[in-house]
Amino acid sequence: MMSIKNYVNNLSDEDLKRIYKKMLMIRKCEEHLGEATKNGAFPGAVHLYIGQEAIAVPLCDQLNDSDWISSTHRGHGHFIAKGGDVKKMMAEIYGKSTGICGGKGGSMHVADFKKGIIGANGVVAGGMGLAVGAALASKMDGNGAVSIIFFGDGAANQGVLMEAMNICSLWNLPMIFMCENNQYSEFTHTSEVTSGKIIDRAEPFGIPKYEVDGNNAVDVWQAAYQAVQRGRNDEGPSFIEAHTYRQRGHVEFEYTFLSRTYRDQNEVELWKTNEKDPILRLESYFIEHNKYSGDDIEKIQKEVQDEVDDAVKFAIESPEPDISSAMVHMIER
Amino acid sequence: MSKQRMMPAINLALQEEMKRDNKVILYGEDAGISLLGQTTGLQENFGKDRVRDTPICENIMTGMAVGAAAAGYRPICHLLYGNFIYTGFDSIANQAAKLKYMTAGQVKLPVVYMAVIGGGRSAAAQHSDIPYPALMNLGGVKVVVPSNSRTAKGLLKSAIRDDNPVFYLTAAGGGRPEEVPDDDNYLIPIGKSEVINQGNDVTIISIGSMTLKALQATKKLNDKGIGVDLIDLLSLVPIDEDTIINSLKKTGRVVIVDEARDICSAASHISAILSDKAFKYLKSPIKRVTVKDVAIPYSPILESHVIPDVADIVNCIEELLELN
Ligand SMILES: Cc1ncc(C[n+]2csc(CCOP(=O)(O)OP(=O)(O)O)c2C)c(N)n1
Ligand SMILES: [Mg+2]
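Everything numeric here is computed off the predicted structure, so don't read it as measured data. One numbering rule holds for all chains: residues counted from 1, following each sequence as written. Here chains are named by letter from A upward and ligands by number from 1 upward, in the order in which they appear as written. With the structure being a predicted model, the display of local features is reserved for residues of pLDDT at least 70 and the display and counting of side-chain atom pairs for 80 or more, all residues being used for whole-chain, interface and lining totals. The side-chain figures draw on all heavy atoms in the structure; neither hydrogens nor water molecules are used.

Engineer: Before we move on, can you summarise the pairing of strand β5 (residues 112-117) of chain B with the specific residues and values?
Structural biologist: Residue and element names in this part refer to chain B. Burial within β5 is extensive, with 6 of its 6 residues counted as buried. Working definition: with a 1.4 Å probe on protein chains only, accessible area under 20% of the residue-type maximum means buried, over 50% means exposed, and in between means partly exposed. The way it works is that DSSP assigns letters per residue, a run of H or I at least four long becomes a helix, a run of E at least two long becomes a strand, and they are numbered from the N terminus. In β5, alternate side chains face the same way, and those of V112, M114 and V116 on one face and Y113, A115 and I117 on the other are all buried. A strand pair is defined by DSSP finding two or more bridges across the two strands. As judged from the 4 bridges shared by strand β4 (residues 74-81) and β5, these two strands associate in the parallel manner. Bridge pairing in β5 links Y81 to V116. Pairing geometry for β5 and strand β7 (residues 166-171), over 6 bridges, is parallel. Each bridged residue has a counterpart across the sheet, and for V112 the counterpart in β7 is V166.

Listed below in structure tokens is the structure:
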């Protein structure tokens, strides 16, 4: 895999530094969640995004609150990347009243409609239709807003993907299909459950496709740039397949209930190295090109860590939801 | 006999039935490694031909079961969580439940759809539903809900041997270990409930995960001198009307405990049956203890507020007795 060298004019150092910091924010939030879940600090299970940060952030960096994203069970990264409030996300995962969903949704349902975050989703490919609907609304509004569906390699096997690609192409909707191929669908390697190449599925629908190294923030940014511009200019949908790797388990603690392993630990370690890890790669780039010193990076790391610590403190100190809140928000009578 | 939890008991039933009949096949997402433990070791024992890992594609999975059954196999379609029954619902509602009828009985459809249902784990709204009310209303499928490891084994074996589509829905919690018969012909007939405690003052009819809570409530009520006839329903389609009506004749009072939302729940259907067929034996209104009419929330405090617990059952019965 190549290092980050295809530096391009339309992406400034400032852009890249902002992207780096957001990616770090996701990483540090998730590292906390991975640790805290061991002590049962919060209810429910978490699916961590660690290793895939260079997909959500460079794409969402080009979006506004009026653009829409719809995501997956592995949705914390998308939420943060699209500008979701870290404190409110953390409080949600801790099941607290101050959470972005009042503690009613938890990890798999973090959403903030004001920020264009339709939300994470507990149903694989469940967010697909929602994103298409938002793309339809943007198209009808003619406001240049785009809609993104983040989905996994596993989700790519749901039939709804075909229905979505057909209608988006047919109606020329401002939709971006962002497939995050992290090689696994739960505990099964993609190759065992997927025929052909996922990216090729866009072809018969006449949807332009971009295949990228999902651990290279610049690569992703470039593809996303094309796709977002197409959407904004009413040129229709785009399909991106970003190759990446899930560094953590499908869900934290999976080896406490699985009867055997499903991947080689050496494979996992390989993706954590300077050459592969999306955050380490950016750091190497900054240092090699004298954009940041080691001290600068340490300082940023600390800033981000402080913010995460604040969010955790906020979550822990927040009150539990009031029981009465369980009974509202179904249908209005 | 040996003490087992729910998932190993299900696994045992699958192993026995796959060994007995090589037309039994099983497929599902991660069926080989097994997310929840029901299918552990099956692929090693019966091969990747008969035990298949599917892509994530519930629509084709549910439909494929109907076609394979029509063509002579006895497929077990493993759908993980009950909520994903909704994802694959079209072939269930429009094909599995109707094909035999529409074609004047030309086909047998020996399909088992299995899934884990219910809440109590902070898994939130899309992983905690009780989908059986919608299934019961289809008419063309049987529905069974074991309450513990013993009934899990006996009902699954009957479901696999049945020539109709059967939904086999187990509680996520799984309850406590119970004695499970080793007998590889241990069958619990579909459509029969079990009276698991005898008493004269009130009948409790419980379903699935609620049976353990009802049993605990029964003990508390016994301590207060209230005798409970406790019926573990086990089958929702068909329902064992004789047993519940006979119990009502004895006690005159009925409380139904169901983890479904109240509207069109199994509980409301049972109460309709009883008021139709046994009205003159009733000494007080039929009561339902059900989940509140909301989606299942994530926060444990909220979740335990909406799902019935032992105290809800005890309170309901005490109020009922005070009425007289
Ligand atoms: C409709 C549906 N089927 C099955 C599941 C269980 N499940 C949760 S995540 C997952 C694998 C998803 O794989 P992928 O789309 O590649 O996403 P990743 O976990 O790799 O991010 C499965 C099968 C589900 N949540 N929804
Ligand atoms: Mg994947």
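Engineer: Give a description of the site of ligand 1 that names residues and reports values.
Structural biologist: Throughout, the term near means that a residue has one or more heavy atoms lying within 4 Å of the molecule or strand in question. Within the structure, ligand 1 sits among 22 residues, and A:H73, A:R74, A:G154, A:N182 and B:E58 are positioned closest to it. Near ligand 1, the surrounding residues are drawn from chains A and B. A:G154 has a polar backbone atom sitting 2.8 Å from an oxygen atom of ligand 1. Here a polar contact is recorded for every N or O atom pair within 3.5 Å, except that within protein the pair must consist of a potential hydrogen donor and a potential acceptor, and residues adjacent in sequence are included only if both atoms are side-chain atoms. Side-chain polar atom of B:E58 to a nitrogen atom of ligand 1: 2.5 Å apart, as the coordinates give it. Working definition of accessibility: Shrake-Rupley area with a 1.4 Å probe, residue cover restricted to the visible protein chains. About the coverage of ligand 1: the protein hides 96% of its 580 Å² of free accessible area. Secondary structure elements with two or more residues in the shell around ligand 1: β5 (184-185) of chain A together with α4 (83-87) of chain B. Residues that form the shell around ligand 1 fall into these classes: 7 nonpolar, 10 polar and 5 charged. Think of it as three bins: nonpolar holds Ala, Val, Leu, Ile, Met, Phe, Trp, Tyr, Cys and Pro, charged holds Asp, Glu, Lys and Arg, and polar takes everything else, Gly as well.

Engineer: Any chance you could break down the sheet that holds strand β13 (residues 254-261) of chain B for me, citing the residues and the numbers?
Structural biologist: Residues and elements named next belong to chain B. One open sheet accounts for 5 strands, arranged β9-β11-β10-β13-β14; its pairing is mixed. Among the strands making up the open sheet, the edge pair consists of β9 (194-197) and β14 (287-291). Each strand of the sheet is rotated relative to its neighbour by a mean of 25°, with strand direction disregarded. Note: strand β10 (residues 202-206) against β13, 4 bridges, orientation parallel. Within the sheet, the bridge partner assigned to I205 lies in β13 and is I256. Comment: axis = line fitted to C-alpha atoms, over the contacting stretch for helices; angle = value between 0 and 180 degrees taken between N-to-C directions.

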